[in-house]
2 protein chains.
Amino acid sequence: MYKREGTEYRSWLQFDHIQDVTVSENYIPYLKHILLGVESPVMLSAKEELVNGISSMFSINLSESRKVEPSTIFLGTLRSHEEFQEYIDLSLELELNEDGYVIKTDENNCIFIIGKTDKGVLYGVFHFLRLIQTHRSLPTIDFIENPKNQIRMLNEWDNMDGSVERGYAGNSLFFEENRFVGDWNRIKDYARMLSSVGINAIAFNNVNVHEQETKLITPEFLPDVAKVAEIFGAYGIQTFLSINYASPIQLGGLDTADPLDEKVRQWWKDKAKEIYHYIPDFGGVLVKADSEHRPGPFTYNRTHADGSNMLAEALEPFGGIVLWRCFVYNCLQDWRDRSTDRARAAYDHFKPLDGQFHDNVVLQIKNGPMDFQVREGVSPLFGAMPNTNQVLEFQVAQEYTGQQRHLCYLIPQWKEVLDFDTYANGPGTPVKSVVDGSQFPYKYCGITAVSNSGNDENWTGHTLAQANLFGYGRLTWDPDLSSEEITEEWVEATFGTDPEVVKEIKEMLLGSWRTYENYTSPLGVGWMVNPSHHYGPNVDGYEYDVWGTYHFADWKGIGVDRTIATGTGFTGQYFQENTDLYENLDTCPDELLLFFHHVPYTHQLKSGKTVIQHIYDTHFEGVEQVEKLKERWVALESKIDSDRFKSVLERLEHQVEHSKEWRDIINTYFYRKSGIPDEQNRRIY
Amino acid sequence: MYKREGTEYRSWLQFDHIQDVTVSENYIPYLKHILLGVESPVMLSAKEELVNGISSMFSINLSESRKVEPSTIFLGTLRSHEEFQEYIDLSLELELNEDGYVIKTDENNCIFIIGKTDKGVLYGVFHFLRLIQTHRSLPTIDFIENPKNQIRMLNEWDNMDGSVERGYAGNSLFFEENRFVGDWNRIKDYARMLSSVGINAIAFNNVNVHEQETKLITPEFLPDVAKVAEIFGAYGIQTFLSINYASPIQLGGLDTADPLDEKVRQWWKDKAKEIYHYIPDFGGVLVKADSEHRPGPFTYNRTHADGSNMLAEALEPFGGIVLWRCFVYNCLQDWRDRSTDRARAAYDHFKPLDGQFHDNVVLQIKNGPMDFQVREGVSPLFGAMPNTNQVLEFQVAQEYTGQQRHLCYLIPQWKEVLDFDTYANGPGTPVKSVVDGSQFPYKYCGITAVSNSGNDENWTGHTLAQANLFGYGRLTWDPDLSSEEITEEWVEATFGTDPEVVKEIKEMLLGSWRTYENYTSPLGVGWMVNPSHHYGPNVDGYEYDVWGTYHFADWKGIGVDRTIATGTGFTGQYFQENTDLYENLDTCPDELLLFFHHVPYTHQLKSGKTVIQHIYDTHFEGVEQVEKLKERWVALESKIDSDRFKSVLERLEHQVEHSKEWRDIINTYFYRKSGIPDEQNRRIY
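Residues numbered from 1 in each chain as written. Chains lettered and ligands numbered in written order. Predicted model: local features only at pLDDT ≥ 70, side-chain atom pairs only at ≥ 80, totals over all residues. Heavy atoms only, no water.

A.B. asks: Hey, could you run me through the overall build of chain A in this one?
C.D. replies: Looking only at helices and strands, chain A features 21 helices and 18 strands. The C-alpha atoms of chain A give 26 Å as radius of gyration, which agrees with the globular expectation for 685 residues (26 Å, within 12%). Summarising its shape, the C-alpha atoms of chain A cover approximately 80 × 65 × 50 Å along the three principal directions. Evaluated residue by residue, chain A yields a buried proportion of 64% over its 685 residues. Sequence-distant contacts in chain A: of pairs separated by 6 or more residues, those separated by 24 or more amount to 72%. Computed over 63 positive and 102 negative side-chain charges, the inter-centroid distance for chain A is 2 Å. (Helix = DSSP H or I, 4+ residues; strand = E, 2+ residues; numbered from the N terminus. Rg over C-alpha atoms; globule rule 2.2 N^0.38 Å. Buried < 20%, exposed > 50% of the residue type's maximum accessible area, 1.4 Å probe, protein only. Contact = heavy atoms within 4.5 Å. Lys, Arg positive; Asp, Glu negative; His and termini not counted. Charge placed at Lys NZ, Arg CZ, Asp CG, Glu CD.)

Set out below in structure tokens:
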């Protein structure tokens, strides 16, 4: 099936033997003993990772020591055994947060990796291994690391039949044929990958909870869930489940799921007790309610506060939390109705409820108000609910960005979202400062994302899409890392430190989102994909449908008028500075022009080009850029192992062809509609 | 599951008790005894049908007689027992064809139903019962009936998993869960329906033969096939199977299916012998080869003559025939390539092979060169291959004509095809005269069709779609029957003879095809449906796809230029008179204008309207017509049993809503593209 020892499988945890003597000489003096200051499943993972990593890179087997002698790597927590307290600077208590750690060396060639908790130690070990992988030099080490976000989560969208909704890397790692796969080693390897980049929470079943998955919270499956939770737990990752809001009916035989009904409330309380009996460290639940035909409190004329608070009360005694998705909108819209605007929906539904949610409810908000498009505005909900916990939801799965067959590296997109100034507390209130809890007194907050992994040997379908998973984790840990830093780390850990390889792959990745945007949906208008599976160009694919996703192109122009003055008023959901920015055609950024305005094809962009010429130019350019991507990769052939070289090349070849489809269909569509020829007279059909 | 006694189930074989005394008095004197001149399974079916029908309509149990006494219905063949030869006019030998019969009365109130073979008797019995159902008066009876077509066939598209490809009436009657359903009674009832309208052949598995269905010709399933064949056989219907051209590989373990390979030829010979061992009256095979990813002789650089002749040779010793579909085209076309024309494909592939086929090979040609659109040209292959057997293929299943959720009665469409003058033997060579064998010395010919039935209680999803199945059978028997005659027969047999009911339903049916055309794809251009499932409007659904199905609409105009002068040259495939007719914009009929020409939206039709105004007008009109259909049906409420009234009403209500979707999407699409407003300023979005 797959080769655990293959380069594809090992992702960024390659730990290749260090060939460079200057590098190994730098490290070897430190690598003799290992000493654990405390034992726990997480500490044992930390030890195992360290021992295996060192063995793999240096062929050195660290020997276990009982005391701190020269050349010892000491792994300890602030609460390590008393006998080791002399090695621990307790003033760190003030500097480290729950998952933070310190790494430092001393004059006896010892290395101290100290966490506030055992999880910090594990993160420190992975950090230390990454330093070696990326050939950082050792003597300079003495630093404190704290993750900026408290919740650093992944949502798997796995169904128990083995499929993955919006999965582009094979079938589920967890399920097949309506039961658990039982390949616990692979799940452990997945936990290692996630933990190594700081992920600390996972919900592993699809937010669309169908009949079989509803039963995950019953004794039929809870022992298996507990097994998975144990594996993740040993890597510091807390397990959550997506639940079916109508469970009291389906599982409990009740005739209602009304959140204010006493029987329903009691059912959930009993259910929470049962779940925690099996999984004492269970994280909580993830809920998609009243969205795209999923059940929810609206059925009973209750609010989303009523619905989520009921669950929160049930989980509260056990320390569990409720992640409640804000992706709620009318998915049976009449395309003829131009006043309804799906972009408004989340804000319209949730903003009025600010302050009504329990403090263990967290609203989960997609980065944009639509749905993970290649380009869209940032959700105006960020910062708009000072009294309600928020997490930001990204999509690592490339649903609308090439489905892991196209190279589209999303870190630069996510950076833009994180750095977007909401003005919630005046200038300088970026999204990242909202969701990391530094603006408002959130009890729970952070970042979550739809995962891009599956049971393909390389985890992510496209080997280079591993970079999105890696980068996502790194960004949740520290949103201030630059795209360049993250990319370089990933390339070095994955493909080694050859400068040409690093430079080329790094540049390939960093430009790929813009390239993808160039040959797909222009100027922020989004969609233009085939319905249902969302792959490939179809300009009118969603134009006459019920999903609220339109471009309104006619013979004169294109775009969605979301202004207050003449449109749907969506711009008014932002804080004033952003309202002004987007409302005004002169200040609205080009890349979001058609997201906020309907303009003639002859409208002149800030670039000086007309909209129509921009469309033609970017689409021709996009294909040329993809061809360049392929050329650059081909040039690396001698420096990349053949498994990865070939699999990436195959995808790039497909991308070249498929980007031409995109180019030609989009250009032809707009030429046939506008009648305006390309200034450069290139081939349009 | 379904009520065998329900009005839905009984379709046109209602045989309601005759309430009208003047009618029953007319018949009763004749209805006392029944006498069979010969015994066979088919004769026993004839007797059973007659006895049951008379019992049901008159509450009279015909008693069996041993001799022709007064008030006897005598069922006999030209080869009846010698003792009855005095009642048989042997000069009929010259007047009756294989399935023909005579019905006449004599002065002793006897009725003679005499066939050349037992099948003729069965058809005669059904005819006689229909006369009663439709209250035709008796003393005038003395006539000879011969079917005009030799092959009168249905192709079921049933898969062994129980699905029906392009099935709109529930699951398969034959299969479920990869085996036979085993409801032999229902299959018998189906045989009764088909036989009653003259169908004499059936292939009951999908022409797309997948892995499991390939095994139908193995001992694992041949006993079940034989059982089905026995049931159909007793109703004069011969059983065929669709086969997988690559069977020698899949079943036989050979490494090739090359038709000129001796091993392959022997394999098929042995296979034929095996099949006929189980089913001595097996009809033969139906083959879709080298089409839409099905295997075929092209794989081995052989022609379709090579491929079909090999099978023909294997079947020939047993009297079997090969139905070979001409639906062969490039289904991976590049939409950018405007010179390739799918409409040309069948003619280009097959015409050059005329004369190379064995005389038990029959080419199966769809009515149009594309694929069962609401309107398209007639296939130019008809009459173009004087030395090759041909059958015409219709689609009773309403794949592109509302999928049995919309009312779309197709008899008028089929009549147009049958009456289309090919000019193959000069003026007056209509398609019907080609496929009935009167133009060329075909050994086998006739009409076949994709069936519209399934396991819905009413067989056809839409109860009024039963009329398409009924009418199809009647037309294969006699293409000269008028649409009006057929429709009246069906309504009377199905809903009784109330004049208002007959008039209203007849008119509803007769106008429904044109109505459907009005609100869907205009002026012969076709498609504009959602890809894959083909339901509902999507103007660009196939515009940028690989299927060769384009409309080329731009800001100026629309249509496919298939002329010799400036287009794909498809018009040149017709005989000269039709080439001239279609080549010339002035003579090309309006309803096929966009099938043959690309014209500006402002082009004036023969109706005086511009193309764009025609589109707007017909689409508004079409919806109004559907609303009228519903009104007419509602007005019949007191005269229709509630089961059928409600089920039809439900579909008409859907049709009203869905036709508005069609109207608005088509009109909006063309308004947004052309910028030309509706002269009447109606609402376009």
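A.B. asks: Please clarify how the UniProt feature "domain: Glycosyl hydrolase family 67 C-terminal" (unreviewed entry) in chain A should be interpreted in this entry.
C.D. replies: Taking the UniProt record as the reference, the feature "domain: Glycosyl hydrolase family 67 C-terminal" (unreviewed entry) is found at residues 460-682 of chain A. What you have in residues 460-682 of chain A is 52% helix and 2% strand, and the ends, taken at the C-alpha atoms, are 36 Å apart. (UniProt positions renumbered as here; feature names shortened; annotations may be inferred.)

A.B. asks: Mind showing me how you'd approach the pairing of strand β16 (residues 446-450) of chain B here?
C.D. replies: It is a general feature of regular strands that their side chains alternate between the two faces of the sheet. All names here are of chain B. The element β16 is largely enclosed, with a buried count of 5 among its 5 residues. Residues of β16 alternate between two faces, with G446, T448 and V450 on one and I447 and A449 on the opposite face, all of them buried. With 3 bridges connecting them, strand β7 (residues 151-155) and β16 associate as parallel partners. Paired with R152 across the bridge in β16 is I447. Pairing of strand β15 (residues 390-395) with β16 involves 5 bridges; the strand directions are parallel. Residue pairing in the sheet places L392 in a bridge with I447 of β16. (Pairing = 2+ DSSP bridges.)

A.B. asks: Help me understand the interface of chain A and chain B, please; the structure alone is not making it clear to me.
C.D. replies: Quoted interface sizes are often the accessible area lost when the parts come together. Facing the 21 residues of chain A at the interface are 21 residues of chain B. Between chain A and chain B, a total of about 2200 Å² is buried, with carbon and sulfur atoms accounting for 55% of that surface. For the interface between chain A and chain B, the tally reads 6 salt bridges. Taken together, the residues of the side of chain A that touches chain B break down into 9 nonpolar, 2 polar and 10 charged. (Buried area = accessible area lost by both parts, 1.4 Å probe. Salt bridge = Lys/Arg side-chain N within 4 Å of Asp/Glu carboxyl O. Nonpolar A, V, L, I, M, F, W, Y, C, P; charged D, E, K, R; others polar.)

A.B. asks: Is there a simple way to explain the confidence of the model for chain A in this structure?
C.D. replies: Caution is warranted with low-pLDDT regions, since their predicted coordinates should not be read in detail. In this model, chain A carries an average pLDDT of 96, and 99% of its residues clear a pLDDT of 70 or more. As a predicted assembly, this complex carries a pTM of 0.94 together with an ipTM value of 0.91. (pLDDT = per-residue confidence, 0-100.)

A.B. asks: Any chance you could explain the sheet that holds strand β5 (residues 111-115) of chain B here in plain terms?
C.D. replies: Strand pairs in the sheet, formed through backbone hydrogen bonds, run parallel or antiparallel to each other. All names here are of chain B. Reading across from one edge, β2-β1-β3-β5-β4-β6 is the order of the 6 strands in this open sheet, with mixed pairing throughout. Only two strands of the sheet have a single partner each, and these edge strands are β2 (63-64) and β6 (142-145). One ladder, built from 5 bridges, connects strand β3 (residues 72-77) with β5; its direction is parallel. The residue bridging T77 from the neighbouring strand is G115, located in β5. Lying over the sheet, helix α3 (residues 41-58) contacts β1 (33-36), β2 and β3, oriented at roughly 160 degrees with respect to β3. Where helix α5 (residues 118-133) meets the sheet, it contacts β3, β4 (101-105), β5 and β6, and its direction lies at approximately 140 degrees from that of β5. (Axes fitted to C-alpha atoms, helices over the stretch in contact; angles between N-to-C directions.)

A.B. asks: Would you mind showing me how to read the packing of helix α10 (residues 262-278) of chain B against helix α11 (residues 304-315) of chain B here?
C.D. replies: To characterise two packed helices, one gives the angle between the axes of the helices and the distance between these axes. Residues and elements named next belong to chain B. Two numbers describe how α10 lies on α11: the axes approach to 8 Å, and their chain directions differ by 45 degrees. Taken together, the axes of α10 and α11 lie oblique to each other. Helix-helix and strand crossings are classified by hand; for α10 and α11 the assignment is right-handed. Across the interface between the two elements, V264, R265, W268, K269, A272 and Y276 from α10 touch M310, L311, E313, A314 and L315 from α11. By residue class, the composition of the contact of α10 with α11 is 8 nonpolar, no polar and 3 charged. (Parallel < 35°, antiparallel > 145°, perpendicular 65-115°, else oblique. Left-handed = near helix turned anticlockwise from the far one by under 90°.)

A.B. asks: Any chance you could explain the sheet that holds strand β5 (residues 111-115) of chain A here in plain terms?
C.D. replies: Residues and elements named next belong to chain A. Spatially, 6 strands are ordered β2-β1-β3-β5-β4-β6 in an open sheet, and the strand pairing comes out mixed. Bordering the open sheet on either side are β2 (63-64) and β6 (142-145), each of which pairs with just one other strand. On the sheet, helix α3 (residues 41-58) packs against β1 (33-36), β2 and β3 (72-77) and is oriented at approximately 160 degrees with respect to β3. Seen against the sheet, helix α5 (residues 118-133) touches β3, β4 (101-105), β5 and β6 and runs at an angle of roughly 140 degrees to β5.

A.B. asks: Would you mind going over the pairing of β15(B) with me for this structure?
C.D. replies: Residues and elements named next belong to chain B. Judged by how many residues are buried, β15 sits mostly within the fold: 6 of 6 residues are covered. Residues Q390, L392 and F394 point to one face of β15 and V391, E393 and Q395 to the other, with burial holding for every one of them. Where strand β14 (residues 361-366) meets β15, 4 bridges bridge the pair, whose relative direction is parallel. What sits directly across from Q364, in β15, is V391.

A.B. asks: Looking at this structure, how should I read the packing of aromatic side chains?
C.D. replies: Both the distance between ring centres and the angle between the ring planes are used here to describe each pair of aromatic rings. A complete count under the given rule lists 94 aromatic pairs over all chains for this structure. Arranged with centres 6.0 Å apart and planes meeting at 70 degrees, the rings of B:Y601 and B:F670 form a pair that is edge-to-face. Of the two residues, B:Y601 sits in the loop between β18 (599-600) and α20 (611-635) while B:F670 sits in helix α21 (residues 642-674), which places them 69 residues apart along the sequence. When sorted by exposure, B:Y601 lands in the same class as B:F670, which is buried. Through pairs of rings, three or more aromatic residues link up here, namely A:Y9, A:F174, A:F175, A:F180, A:Y190, A:F204, A:F221, A:F232 and A:W459. Stacked on the ring of A:Y329, the Lys or Arg A:R342 has its end atom at 3.9 Å from the ring centre. It is A:R562 that lies over the ring of A:F595; its NZ or CZ is 4.4 Å from the centre. (Phe/Tyr/Trp six-rings, centres within 6.5 Å; stacked < 30°, edge-to-face > 60°. Lys NZ or Arg CZ within 6 Å of the ring centre and 35° of its normal.)

A.B. asks: What is the right way to look at the relation of the copies chain A and chain B in this model?
C.D. replies: Both copies of the chain are related by one operation, a rotation about an axis with a shift along it. Superposition record for chain A on chain B: RMSD 0.1 Å, screw rotation 179 degrees, translation along axis 0.1 Å. The two molecules are tied by a two-fold rotation axis, judged by turn and shift. Across chain A, the rotation axis passes nearest the C-alpha of A:K673, at a separation of 2.7 Å. Here 100% of the contact residues of chain A are again contact residues in chain B; the copies associate through an equivalent surface. (Least-squares fit on C-alpha atoms with pLDDT ≥ 70 in both.)

A.B. asks: I'm lost on the pattern of salt bridges in this one. Help?
C.D. replies: All names here are of chain A. Within this structure, the stated rule accounts for 103 salt bridges over all chains. Where E313 meets R265, a salt bridge forms, and the shortest distance between an N and an O atom there is 2.9 Å. Of this pair, E313 sits in helix α11 (residues 304-315) while R265 sits in helix α10 (residues 262-278), and the two are 48 residues apart along the sequence. Assessed through its relative accessible area of 28%, E313 is described here as partly exposed. Assessed through its relative accessible area of 15%, R265 is described here as buried. Here the salt bridges do not stand alone but share partners, grouping R4, E49, D183, D189 and R192 into one network.

A.B. asks: Could you clarify how one ought to interpret the environment of B:F596 in this entry?
C.D. replies: All names here are of chain B. Its place among the elements puts F596 in helix α19 (residues 593-596). Each C-alpha atom of the pair F596 and V525 lies 8.3 Å from the other, and the pair is 71 residues apart in sequence. With residues up to four places along the chain from it excluded, the contact list for F596 reads V560, D561, R562, T563, F570, T571, Y574, Y582 and C588.

A.B. asks: So what exactly am I meant to see when it comes to the UniProt feature "domain: Alpha glucuronidase N-terminal" (unreviewed entry) in chain A here?
C.D. replies: Within the UniProt annotation, "domain: Alpha glucuronidase N-terminal" (unreviewed entry) is assigned to residues 12-128 of chain A. End C-alpha to end C-alpha, residues 12-128 of chain A measures 14 Å, and it is 34% helix and 19% strand.

A.B. asks: Help me understand the packing of helix α16 (residues 483-495) of chain A against helix α17 (residues 499-519) of chain A in this model?
C.D. replies: All names here are of chain A. Packing of α16 against α17 leaves a shortest axis separation of 9 Å and a crossing angle of 130 degrees. One element, α16, and the other, α17, form an angle in the oblique class. At the point where α16 passes α17, the crossing takes the right-handed sense. In this structure, α16 contributes S483, E484, T487, E488, W490, V491, E492 and F495 to the contact, and α17 contributes V501, V502, I505, K506, L509 and L510. Residue composition of the contact of α16 with α17, by class: 8 nonpolar, 2 polar and 4 charged.

A.B. asks: What is the right way to read α16(A) from this model?
C.D. replies: An α-helix turns once per 3.6 residues; consequently, residues spaced three or four apart project the same way. Residue and element names in this part refer to chain A. Compared with an ideal rise of 1.5 Å per residue, which puts 13 residues at 18 Å, α16 spans 18 Å between its outermost C-alpha atoms and is within 8% of the ideal. Across the 13 residues of α16, 10 count as buried, placing the element largely inside the fold. Where α16 is concerned, the buried positions are S483, I486, T487, E489, W490, V491, E492, A493, T494 and F495. (Expected span 1.5 Å × (residues − 1).)

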